[in-house]
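Report on the structure
Read off the chains here:
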Amino acid sequence: TRAASEAACRLPEAAHRNPMQNPRVTATDARAQLLSDWIASTLRTPAFAMAPASADASFRRYFRITPDAAALGEATLIAMDAPPPQEDCRPFIQVAGLLRDAGLNAPRILAQDLARGFLLVTDLGSTTYLSALNQHNARQLFSDATDTLVRWQRATRAGALPPYAEPLLRRE
């Protein structure tokens, strides 16, 4: 199950202070320590759990941060590690802002360190559309998704984003 998978990926409770002690984190993963230190400084506490949240086909990594007490008004947060020079956080920040300006659900940027490629954003949860989809709610979920895409399309402003042409597709 997904819950069992997430539990298996959860870092040991003290690993946020020293990810190098976690056998799943290699000695070459000094970024995990940098990210953990930045989160502790940003939250002003070392009291949090840090677990993998998701992965994508890039150099970015996402961790679910669960502070011992609510931090920045949130029970859980997502930390993004986007190592420069391979990744640039600014497009993520821009698109999240455009989505929110259009009235769509997108993460809020709570803290950032662009020089090191770190973002701390609101957690939109771990339930995906696919895992929520069933025969009883399929019509409503697909209707909601279609409405959201139409709202996003209507909010599009010329020049706000680069054209999605072949060179950009190949970079992605």
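Structure: see above.
Residues numbered from 1 in each chain as written. Predicted model: local features only at pLDDT ≥ 70, side-chain atom pairs only at ≥ 80, totals over all residues. Heavy atoms only, no water.

1. Some points on the pattern of salt bridges
A full pass over the atoms with the stated rule returns seven salt bridges. Between Glu87 and Arg60 there is a salt bridge, with its nearest N and O atoms 2.9 Å apart. Within this pair, whereas Glu87 is found in the loop between β3 (77-81) and α3 (90-101), its partner Arg60 is found in the loop between β1 (48-55) and β2 (61-67), the two being separated by 27 residues in sequence. In this structure Glu87 comes out as buried when scored by relative accessible area, which is 15%. Here Arg60 falls in the partly exposed class, since its relative accessible area comes to 25%. (Salt bridge = Lys/Arg side-chain N within 4 Å of Asp/Glu carboxyl O. Helix = DSSP H or I, 4+ residues; strand = E, 2+ residues; numbered from the N terminus. Buried < 20%, exposed > 50% of the residue type's maximum accessible area, 1.4 Å probe, protein only.)

2. Some thoughts on the nonpolar core
Core analysis: the biggest nonpolar cluster contains 14 residues, and Leu35, Ile39, Leu43, Ile65 and Leu120 have the highest contact counts within it. At the level of elements, α2 (30-43), β1, β2, β3 and β5 (118-122) are the ones that each hand at least two residues to this core. With four residues, the single largest contributor to this core is α2. Those residues within four positions of Leu35 in sequence are excluded, and the remaining contacts are Met50, Phe63, Ala79, Met80, Asp81 and Phe118. Core analysis: the next-biggest nonpolar cluster, separate from the first, contains eight residues, Met80, Cys89, Leu119 and Val121 among them. (Core = buried A, V, L, I, M, F, W, Y, C linked by side-chain atoms within 4.5 Å. Contact = heavy atoms within 4.5 Å.)

3. As for the pairing of β5
The two faces of a sheet get side chains in turn, since along a regular strand they alternate between them. With five of five residues buried, β5 is to be regarded as a mostly interior element. Bridge count between β3 and β5: five bridges; the pairing is antiparallel. Among the inter-strand pairings, Ile78 is bridged to a residue of β5, identified as Val121. Here strand β4 (residues 109-113) runs beside β5; their pairing, made up of four bridges, is antiparallel. The partner of Gln112 across the bridge, within β5, is Leu119. (Pairing = 2+ DSSP bridges.)

4. Some thoughts on the packing of aromatic side chains
Under the defined criterion, the tally for this structure stands at one aromatic pair. Seen from their ring centres, Trp38 and Phe118 are 5.6 Å apart, and the 40° between their planes marks the pair as tilted. Of this pair, Trp38 sits in helix α2 while Phe118 is found in strand β5, placing the two residues 80 residues apart along the sequence. Under the relative-accessibility criterion, Phe118 is labelled buried at 0%. (Phe/Tyr/Trp six-rings, centres within 6.5 Å; stacked < 30°, edge-to-face > 60°.)

5. Details of the sheet that holds β4
Spatially, β1-β2-β3-β5-β4 is the arrangement adopted by the five strands of the open sheet, whose pairing is antiparallel. A strand with exactly one partner marks an edge of an open sheet, and here the two such strands are β1 and β4. Sheet twist, expressed as the mean angle between neighbouring strand axes with direction ignored, is 25°. (Axes fitted to C-alpha atoms, helices over the stretch in contact; angles between N-to-C directions.)

6. With respect to the side chain of Thr122
Position of Thr122 relative to the elements: it lies in strand β5. For Thr122, a relative accessible area of 9% corresponds to the buried category. In terms of polar contacts, Thr122 uses its side chain to reach the backbone amide nitrogen of Arg108, at 2.8 Å. (Polar contact = N/O pair within 3.5 Å; in protein donor to acceptor, adjacent residues only side chain to side chain.)

7. A short note on the pairing of β2
Among the seven residues that make up β2, five are buried, leaving the element largely enclosed by the rest of the structure. Two elements, β1 and β2, share seven bridges in a ladder whose sense is antiparallel. The residue of β2 that forms the bridge with Ala55 is Arg61. Counted along the chain from β1 to the antiparallel partner β2, the turn is five residues long. Note that β2 and β3 share five bridges and pair antiparallel. In the sheet register, Arg64 faces β3, and the bridge partner there is Ile78.

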